[in-house]
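One letter stands for each residue in the lines below.
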Amino acid sequence: MSPIKSLVIVESPHKATMIAGYLGPKYTVRASQGHVRDLPTSASEVPAKYKGQSWARTGVNVDDEFTPIYVVSPEKRSTIRELKGLLKESDELLLATDGDREGEAIAWHLLDELKPKVPVRRMVFNEITEKAINEAVANTRELDTDLVDAQETRRILDRLYGYEVSPVLWKKVLPRLSAGRVQSVATRLVVDRERERMAFTSANYWDMEAVLAARSDEFNARLVALDDTKIAAGRDFDSHGDLTSKARRLDEATATTIAKALEKASFSVTKVESKPYTRRPYAPFRTTTLQQEAGRKLGFTSQRTMSVAQELYEGGYITYMRTDSTALSGEAIRAARAQAKELYGASFVPEKPRVYGKKAKGAQEAHEAIRPAGTRFRTPDEVKGALRGAEFALYDLVWKRTLASQMTDATGTTDTLRVAGDVQVSRGDEGAKPRALEFTASGTVITHRGFLAAYEEGRDASRYGDGDSDKRLPKLEDDQPLTCTGVDAENTEHTTTPPPRYTEASLVKAMEERGIGRPSTYAATIGVIIDRGYVKRQGQALVPSWLAFSVTRLLCL
């Protein structure tokens, strides 16, 4: 009896090459090169029997329960011919496209177009390793029509929205513009933020930091109250430059007078408050958090992040990179815990594994989180010879985040000091009058770094920029006397700033928080609004064009 010959269809040629190497000569592995058919994109692609119908240009029969009309794109006809020829020589068909909505839809389209007369199995895997591929062949499933229906519904909505709204833009703004269910909303977010910035009125205010000393230990403390009235900071002003609280705006004259009087002032600690400090590790990466972190830490665009991640996935370095899940498989948890213990010691690994659940609203959890591939993770040093530049940097980020997710909390203490001071300040003709000052200082002392030994998440820009940074404070007691050794005047004058423009990372975050579109398509969406001139990059910032303002205004009518 001759051995069974199997035809395996994946999306990309690189993936096909990798998988063929694991499966051996009994399997023929070919790539569909993505989707093989779609709704018609031009009048010439509409089948003759539908021409003349009022709905034909959309490719969706709105008169018959929104039935879509699919056509094989011209560039994919040769692919279909090749696959049909290989199928005639095969004893079974394995559809091995990705296990998400798009991959399931590609498998369904292939099945419908190839019309195989041999047994068909659906093969799904989360990483391209020999173990994962062999397990996928041994544990196939049926096609998931729910996923197909979900993808088809989104595709129809996109088509109806774009094809019905875009012509309005052609007539009212400019020819050849496009609107989209997601791209138009993303553009509006950028435009609305720019409008906030344009309407913003800045405010100037002063603050002060005194350099205080207890014996030989010095630390900086910020002035927070004058005569029992709070000193205004950036967050006390609204977008019109007006104070939103009863805080007092410190002006230059008052700040200068107080600064001169500080050297003769007496200070003492009025309150020492110490609280336990704990930071939990971040969940493993999913699509959106990977895009955000790669943007913050590596300066990658969302498109570049996904392109590099695709290469790492197809090369067998990381698991599938389009996922809404933060969950790790059992083998991944074991691998992360073992490696963290090996590299950092047993005290950095908690007694029980950490389990991460669903985080994103409407998340599709067909895959686990993005992590290094395999049952033992290759360290960055081990892949340095094979990976270069962007690929190495992104792998390093994924590896660190995955390990950190299974490590202990960072712990320590946060100390907050309240310091009182009395100064004699001249008030013109009234002579010197006593003024009561209150300063505060805070600092965090990390006693156990935990996951921070492996990884710390980046941060988006803040509109205020007036928070305390982590710093170590000397051990002090209530009523302990202090001396002032100087005034830190480096950042004494401040100007409030408008909300920061969106970066790709912060726009991705905003879209996900509002439930706009699907996380796996954010990179493509941002690419579209940039390519079509609605938004341009200015450094890391996204700046809307005049066109974006015009289109957004029209669509909001």
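Owing to the predicted nature of the structure, the values given are computational and were not obtained by experimental measurement.

A.B. asks: Quick question: what am I supposed to make of the overall build of the protein chain here?
C.D. replies: Regarding its fold elements, the protein chain presents 15 helices and 19 strands. In summary, the protein chain has a C-alpha radius of gyration of 30 Å against a globular reference of 24 Å for 557 residues, an excess of more than 25%. A principal-axis box enclosing the C-alpha atoms of the protein chain has dimensions of 105 × 65 × 35 Å. By residue count, 50% of the 557 residues in the protein chain fall in the buried class.

A.B. asks: Can you help me understand a positive patch on the surface in this one?
C.D. replies: Together, Lys-84, Lys-88, Lys-115 and Lys-117 line one region of the surface with positive charge. Along the chain, the position of Lys-84 falls in helix H2 (residues 77-88).

A.B. asks: I keep staring at helix H3 (residues 101-114) and nothing clicks. Help me out?
C.D. replies: Because an α-helix packs 3.6 residues into every turn, residues spaced three or four apart end up facing the same way. With 14 residues, H3 should cover 20 Å at 1.5 Å per step; its first-to-last C-alpha distance of 20 Å lies within 8% of that length. Buried residues of H3: Arg-101, Gly-103, Glu-104, Ala-105, Ile-106, Ala-107, His-109, Leu-110, Glu-113 and Leu-114, and no others. At the C-terminal side of H3, Lys-115 shows a positive phi close to 50°.

A.B. asks: Explain unusual backbone geometry to me, please; I cannot follow it from the model alone.
C.D. replies: In most cases, non-glycine residues show a negative phi, while peptide bonds are predominantly trans. Here the phi dihedral of Arg-176 falls at roughly 65°; this positive angle occurs in a residue that is not glycine. Examined against the element boundaries, Arg-176 turns out to sit in the loop between helix H5 (145-172) and helix H6 (183-199). In this structure Arg-176 comes out as exposed when scored by relative accessible area, which is 79%.

A.B. asks: I keep staring at the sheet that holds strand S8 (residues 120-122) and nothing clicks. Help me out?
C.D. replies: One key point about sheets: their strands pair by backbone hydrogen bonds, in either a parallel or an antiparallel sense. Taking strand neighbours across the sheet as the criterion, the 4 strands line up as S2-S1-S7-S8 in an open arrangement whose pairing is parallel. Edge positions in the open sheet fall to strand S2 (27-31) and S8, since each of these has one partner strand only. For this sheet, the mean inter-axis angle between neighbouring strands, taken without regard to orientation, is 20°. The pairing of strand S1 (residues 6-10) with S2 spans 5 bridges and is classified as parallel. Paired with Val-8 across the bridge in S2 is Val-29. Here helix H1 (residues 13-23) sits on the sheet and contacts S1 and S2; the angle it forms with S2, its principal contact strand, is near 170°. Sitting on the sheet, H2 is in contact with S1, S2 and strand S7 (92-95), with an inclination near 170° to S2.

A.B. asks: Which parts of the structure should I look at to understand the packing of aromatic side chains?
C.D. replies: Here a ring pair, both rings aromatic, is described through the centre-centre distance and the interplanar angle of the planes. Tallied over the full model, the rule gives 10 aromatic pairs. For the ring pair Tyr-282 and Phe-451, a centre distance of 5.6 Å and an interplane angle of 90° mean the geometry is edge-to-face. Taken together, the residues Tyr-282 in the loop between strand S13 (266-279) and helix H8 (287-298) and Phe-451 in the loop between strand S15 (432-448) and strand S16 (481-488) connect sequence positions 169 residues apart. Looking at Phe-451, the relative accessible area reads 0%, which means it is buried. Feature note: the residues Tyr-282, Phe-285, Phe-451 and Tyr-455 constitute an aromatic cluster, connected by ring pairs.

A.B. asks: It is not clear to me how the nonpolar core should be interpreted in this structure. Could you clarify?
C.D. replies: The tendency in soluble globular proteins is for nonpolar side chains to be buried as a group. Among the nonpolar cores identified, the biggest contains 56 residues, and Met-123, Phe-125 and Ile-318 are the most heavily contacted of them. Contributing elements (two or more residues each) for this core: S1, H1, helix H4 (130-138), H8, helix H9 (302-314), helix H10 (330-344) and helix H12 (389-405). Looking at this core, the element that brings in the most residues is H12, giving 8 residues. Other than its neighbours up to four places away in sequence, Ile-318 contacts Ala-309, Leu-312, Tyr-313, Ile-370, Arg-371, Pro-372, Ala-373, Tyr-395 and Val-398.

A.B. asks: How should I be thinking about the pattern of salt bridges in this particular structure?
C.D. replies: Oppositely charged side chains can pair when the atoms bearing their charge come close. One pass over the structure, following the stated rule, counts 32 salt bridges. Taking the shortest distance from any N to any O, the salt bridge between Glu-293 and Arg-296 comes out at 2.8 Å. Linking Glu-293 with Arg-296, this pair stays in helix H8, spanning 3 residues, or about one helical turn. Among the ionic pairs, Arg-354 bridges to Asp-409, the shortest N-O distance being 2.5 Å. Of the two residues, Arg-354 sits in the loop between H10 and helix H11 (380-383) while Asp-409 sits in the loop between H12 and strand S14 (410-426), which places them 55 residues apart along the sequence. Each member of the pair, Arg-354 together with Asp-409, is buried. The network of salt bridges with shared partners includes Glu-127, Lys-131, Glu-135, Glu-331, Glu-368 and Arg-371.

A.B. asks: What's the story with the pairing of strand S11 (residues 217-226) in this structure? I'm lost.
C.D. replies: On any regular strand, side chains alternate: one points to one face of the sheet, the next to the other face. Pairing between strand S10 (residues 209-214) and S11: 6 bridges, direction antiparallel. Note on S11: the bridge partner recorded for Ala-210 is Ala-221. Turn length for the S10-S11 hairpin, with the two strands adjacent in sequence and antiparallel, is 2 residues, and the turn residue Arg-215 shows positive phi of about 60°. Summarising the sheet, S11 and strand S12 (residues 229-230) pair through 2 bridges and their orientation is antiparallel. Across the sheet, the residue bridging to Ala-225 is Lys-230, located in S12. Hairpin connection between S11 and S12: a loop of 2 residues separates the two successive antiparallel strands, and Asp-227 in this loop has a positive phi of roughly 50°.

A.B. asks: What should I look at first to understand H10 in this one?
C.D. replies: Given a rise of 1.5 Å per residue, 15 residues ought to cover 21 Å, and the 21 Å separating the end C-alpha atoms of H10 matches this to within 8%. Among the residues of H10, those classed as buried are Glu-331, Ala-332, Ile-333, Ala-335, Ala-336, Arg-337, Gln-339 and Ala-340. Among the structural elements, H4 and H12 are those in contact with the buried residues of H10. A positive phi of about 105° marks Gly-345, the residue just after H10.

A.B. asks: Any chance you could explain the environment of Phe-392 here in plain terms?
C.D. replies: Position of Phe-392 relative to the elements: it lies in helix H12. Put simply, Phe-392 and Ile-530 are 138 residues apart on the chain and 27 Å apart in space, counted from C-alpha to C-alpha. Those residues in contact with Phe-392 that lie beyond four places of it in its chain are Pro-380, Val-383, Lys-384 and Leu-387.

Cut-offs applied
Residues numbered from 1 in each chain as written. Predicted model: local features only at pLDDT ≥ 70, side-chain atom pairs only at ≥ 80, totals over all residues. Heavy atoms only, no water. Helix = DSSP H or I, 4+ residues; strand = E, 2+ residues; numbered from the N terminus. Rg over C-alpha atoms; globule rule 2.2 N^0.38 Å. Buried < 20%, exposed > 50% of the residue type's maximum accessible area, 1.4 Å probe, protein only. Patch = residues over 30% accessible without salt bridge, like charges linked within 9 Å, V, L, I, M, F, W, Y side chains within 5 Å. Areas by Shrake-Rupley, 256 points an atom, 1.4 Å probe, with all protein chains shown as cover. Salt bridge = Lys/Arg side-chain N within 4 Å of Asp/Glu carboxyl O. Lys, Arg positive; Asp, Glu negative; His and termini not counted. Charge placed at Lys NZ, Arg CZ, Asp CG, Glu CD. Expected span 1.5 Å × (residues − 1). Pairing = 2+ DSSP bridges. Axes fitted to C-alpha atoms, helices over the stretch in contact; angles between N-to-C directions. Contact = heavy atoms within 4.5 Å. Phe/Tyr/Trp six-rings, centres within 6.5 Å; stacked < 30°, edge-to-face > 60°. Core = buried A, V, L, I, M, F, W, Y, C linked by side-chain atoms within 4.5 Å.

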